[in-house]
Amino acid sequence: MEFNGINFDTYFKNYPDKDGYFGKYGGCFISDELTKAMQEITEAYFTICKSRKFIDELRRIRREFQGRPTPISHLERLSNKLGNVQLYVKREDLNHSGAHKLNHCMGEALLAKYMGKKKVIAETGAGQHGVALATAAAYFGLECDIYMGSVDIKKQAPNVARMKILGANVIEVTHGLATLKEAVDDAFDAYAKEYKDAIYCIGSVLGPHPFPMMVRDFQSVVGIEAREQFTEMTGELPDAIVACVGGGSNAAGFFSGFLNDPVEIYGIEPLGRGPKLGDHAASLKYGTEGIMHGFNSIMLKDENGDPAPVYSVASGLDYPSSGPEHAFLRDLGRVKYDVINDDETIDAFFELSRMEGIIPAIESAHAVAYGIKLAKTMSHGSVLINLSGRGDKDMDYVIENYGIR
Ligand SMILES: *Cc1c(COP(=O)(O)O)cnc(C)c1O
């Protein structure tokens with residue numbers, strides 16, 4: 001299928017290009033020494049991802065450890081309530097450890113093992129990426145260093161406990177504001193010292209090349225499964241698909257299965273409390289082009305041009321940029337990006353729980369809210385939503401801050 005001059009039959013061969021660019025977005029903007037480490041990872045990835053042994057092992061792990069394929073559920077009661085449109089969800093909440101993140105963490109850790117590395121290193125904000133990576137490290141018997149700001153360590157006690165139980169070293173970062181930004185800095189510094197024995201595992205389709213490509217490829221299992229399952233269930237393609245976008249990994253993997261199809265695609269960013277800078281994390285809607293954390297994309301900047309403070313009720317979505325592929329697909333018009341605010345999200349959180357018996361992650365509830373909104377504008381057809389994770393981690397927070405709706 002051709003769209004605005006891009007041939008989607010050969011899209012995955014051509015994007016990103018060999019230097020990691022999706023159009024003008026992406027690339028690798030880090031020190032020379034770390035660039036060498038990234039080249040080593042790129043070469044290993046291109047060799048390994050064609051190896052039968054690697055592919056078979058990843059398949060087996062997905063089936064026997066992760067519980068893949070995850071099903072698609074038809075939201076029958078919710079669809080009946082809305083009237084004309086059928087809603088479906090792809091159940092990444094049923095992936096082991098409760099979200100899509102394990103898809104790329106298992107891939108990255110398996111790559112580390114094939115490269116002969118002894119350790120995986122990462123930062124974490126809310127702790128979700130740290131938990132997924134600690135899970136993968138435990139499975140493969142790798143050491144795992146997770147850098148986390150002391151402010152976040154206090155806020156996210158259950159995830160800190162999970163990481164420790166799984167055998168990870170949680171390394172407290174105390175300087176500056178002691179949150180995600182400082183944790184990223186320290187994790188990169190540690191990696192620069194240890195890259196011979198360790199691999200840095202980025203938590204989304206972000207960072208320098210090859211991570212936006214590699215994480216998308218590891219997440220593409222979601223889109224491939226979803227397309228096959230949906231056509232088998234209904235005999236046709238969905239009319240529209242929806243996913244939430246923080247860094248953009250669950251969306252990138254899910255969308256990849258449908259980019260070459262006549263399907264409307266929607267990526268949903270968090271509008272938080274509103275459109276004022278600092279009140280949201282909707283970088284693709286309100287941001288401008290810039291370089292941060294080693295890649296060129298669309299980002300939210302403060303008055304000095306540095307990454308702006310961001311906010312969302314969903315801690316997994318509050319990042320001041322999005323992956324370079326999303327910036328590219330936005331400019332191209334192949335994917336439409338829109339926003340959902342905190343209040344609409346909490347409504348959808350309760351609606352899906354009450355109507356279907358599925359408690360979604362607050363991140364995923366953004367996509368559910370948009371799917372419901374979209375269905376109300378359609379006279380017929382179907383909408384498939386990626387339910388990126390389950391809401392167990394969010395229940396206390398929702399009850400404390402919003403009560404029962
Ligand atoms: C981390 C997280 C997200 C956001 O990450 P993406 O890279 O944008 O997918 C979304 N949903 C859940 C459940 C998460 O844990």
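One structure accompanies this document, and this report is about it.

The rules behind these values
- Residues numbered from 1 in each chain as written.
- Predicted model: local features only at pLDDT ≥ 70, side-chain atom pairs only at ≥ 80, totals over all residues.
- Heavy atoms only, no water.
- Pairing = 2+ DSSP bridges.
- Helix = DSSP H or I, 4+ residues; strand = E, 2+ residues; numbered from the N terminus.
- Axes fitted to C-alpha atoms, helices over the stretch in contact; angles between N-to-C directions.
- Near = heavy atom within 4 Å.
- Polar contact = N/O pair within 3.5 Å; in protein donor to acceptor, adjacent residues only side chain to side chain.
- Areas by Shrake-Rupley, 256 points an atom, 1.4 Å probe, with all protein chains shown as cover.
- Nonpolar A, V, L, I, M, F, W, Y, C, P; charged D, E, K, R; others polar.
- Core = buried A, V, L, I, M, F, W, Y, C linked by side-chain atoms within 4.5 Å.
- Buried < 20%, exposed > 50% of the residue type's maximum accessible area, 1.4 Å probe, protein only.
- Contact = heavy atoms within 4.5 Å.
- Phe/Tyr/Trp six-rings, centres within 6.5 Å; stacked < 30°, edge-to-face > 60°.
- Lys NZ or Arg CZ within 6 Å of the ring centre and 35° of its normal.
- Arc of directions from axis to C-beta.
- Right-handed = clockwise from strand over helix to strand, strands pointing away.

Overview of the sheet that holds strand β6 (residues 85–91)
Stage number 1. Reading across from one edge, β5-β6-β16-β11-β12-β15 is the order of the 6 strands in this open sheet, with mixed pairing throughout. Here the strands that pair on one side only, and so sit at the sheet edges, are β5 (72–74) and β15 (336–341). Looking at each pair of strands side by side, their axes are set apart by 30° on average, direction ignored.
Stage number 2. Pairing of strand β11 (residues 240–244) with strand β12 (residues 264–272), which is carried by 5 bridges, proceeds in the parallel orientation. Bridge pairing in β12 links Ala 243 to Gly 267.

Focus on the site of the ligand
Stage number 1. Taken together, 16 residues lie near the ligand, and Lys 101, Ser 204, Gly 248, Ser 249 and Ser 388 sit nearest.
Stage number 2. Measuring from an oxygen atom of the ligand, one finds a backbone N or O atom of Gly 246 at 2.8 Å.
Stage number 3. The contact in question runs from an oxygen atom of the ligand to an N or O atom on the side chain of Asn 250, over 2.8 Å.
Stage number 4. When the ligand sits alone it has 380 Å² of accessible area, and the protein chains cover 97% of it.
Stage number 5. Its residues assigned to classes, the shell around the ligand shows 4 nonpolar, 10 polar and 2 charged.

Thoughts on the nonpolar core
Stage number 1. Membership of the largest hydrophobic core comes to 64 residues, with the highest contact counts inside it found for Ile 41, Leu 111, Val 120 and Tyr 191.
Stage number 2. One finds Phe 349, Ile 362, Ala 365 and Ile 385 within the second-largest nonpolar core, a separate group that totals 36 residues.

Concerning the side chain of Ser 256
Stage number 1. Along the chain, Ser 256 falls in helix α11 (residues 249–256).
Stage number 2. The exposure class of Ser 256 is buried, given its relative accessible area of 11%.
Stage number 3. Within the structure, the side chain of Ser 256 is placed 2.7 Å from the backbone oxygen of Gly 253, a separation counted as a polar contact.
Stage number 4. Once you skip the residues sitting within four places of it in the chain, Ser 256 turns out to touch Phe 12 and Ser 220.

A closer look at the packing of aromatic side chains
Stage number 1. Scanning all chains against the criterion turns up 17 aromatic pairs.
Stage number 2. With a centroid separation of 6.3 Å and an interplanar angle of 65°, the aromatic rings of Tyr 191 and Tyr 195 are classed as edge-to-face. The pair formed by Tyr 191 and Tyr 195 is uniform in burial state, with each residue classed as buried.
Stage number 3. One aromatic cluster in this structure is built from Phe 8, Tyr 11, Phe 12, Tyr 15 and Phe 328.
Stage number 4. The ring of Phe 3 carries Arg 334 above its face, with NZ or CZ at 5.7 Å from the centroid.

Comments concerning helix α8 (residues 157–165)
Stage number 1. Every buried residue belonging to α8 is among Asn 159, Val 160 and Met 163, and all of these are buried. Along the long axis of α8, the arc covered by the buried residues comes to 105°, so they all point the same way. Across from the buried face of α8, at angles greater than 90 degrees, the exposed residues are Pro 158, Lys 164 and Ile 165.
Stage number 2. Lining the buried residues of α8 we find α6 (128–140), β8 (143–149), α7 (150–155) and β9 (169–173).
Stage number 3. Just beyond α8, the residue with positive phi is Gly 167, at close to 95°.

Quick look at unusual backbone geometry
Stage number 1. Geometrically, the link from Arg 68 to Pro 69 is a cis peptide bond, its omega value of 0° lying close to zero.
Stage number 2. Along the chain, His 209 connects to Pro 210 via a cis peptide bond; the corresponding omega equals 15°.
Stage number 3. With respect to the secondary-structure elements, Pro 210 resides in the loop between β10 (198–200) and α10 (211–234).
Stage number 4. Notably, Asn 4 is not glycine yet its phi reads approximately 45°, a positive angle.
Stage number 5. Structurally, Asn 4 is set in the loop between β1 (2–3) and β2 (6–7).
Stage number 6. Note on Asn 4: relative accessible area 58%, which makes it exposed.
Stage number 7. Notably, Ala 178 is not glycine yet its phi reads approximately 55°, a positive angle.

Some details on the pairing of β12
Stage number 1. Most of β12 is tucked away: 8 of the 9 residues are buried.
Stage number 2. At this point the chain moves from β11, through α11, to the parallel β12, and the crossover so formed is right-handed.

Some details on the sheet that holds β10
Stage number 1. One open sheet accounts for 4 strands, arranged β9-β8-β7-β10; its pairing is parallel. Taken across any chain shown, the strands that pair with only one partner, and hence form the sheet edges, are β9 and β10. Here the strands of the sheet are splayed against their neighbours by 25° on average, with no regard to which way each runs.
Stage number 2. Two strands pair when backbone bridges link them, and β8 and β9 are joined in this way by 5 bridges, in the parallel orientation. The residue of β9 that forms the bridge with Asp 145 is Asn 169.
Stage number 3. Each of β7 (119–123), β8, β9 and β10 touches helix α9 (residues 180–194); the most contacted strand, β7, lies at about 155° to it.

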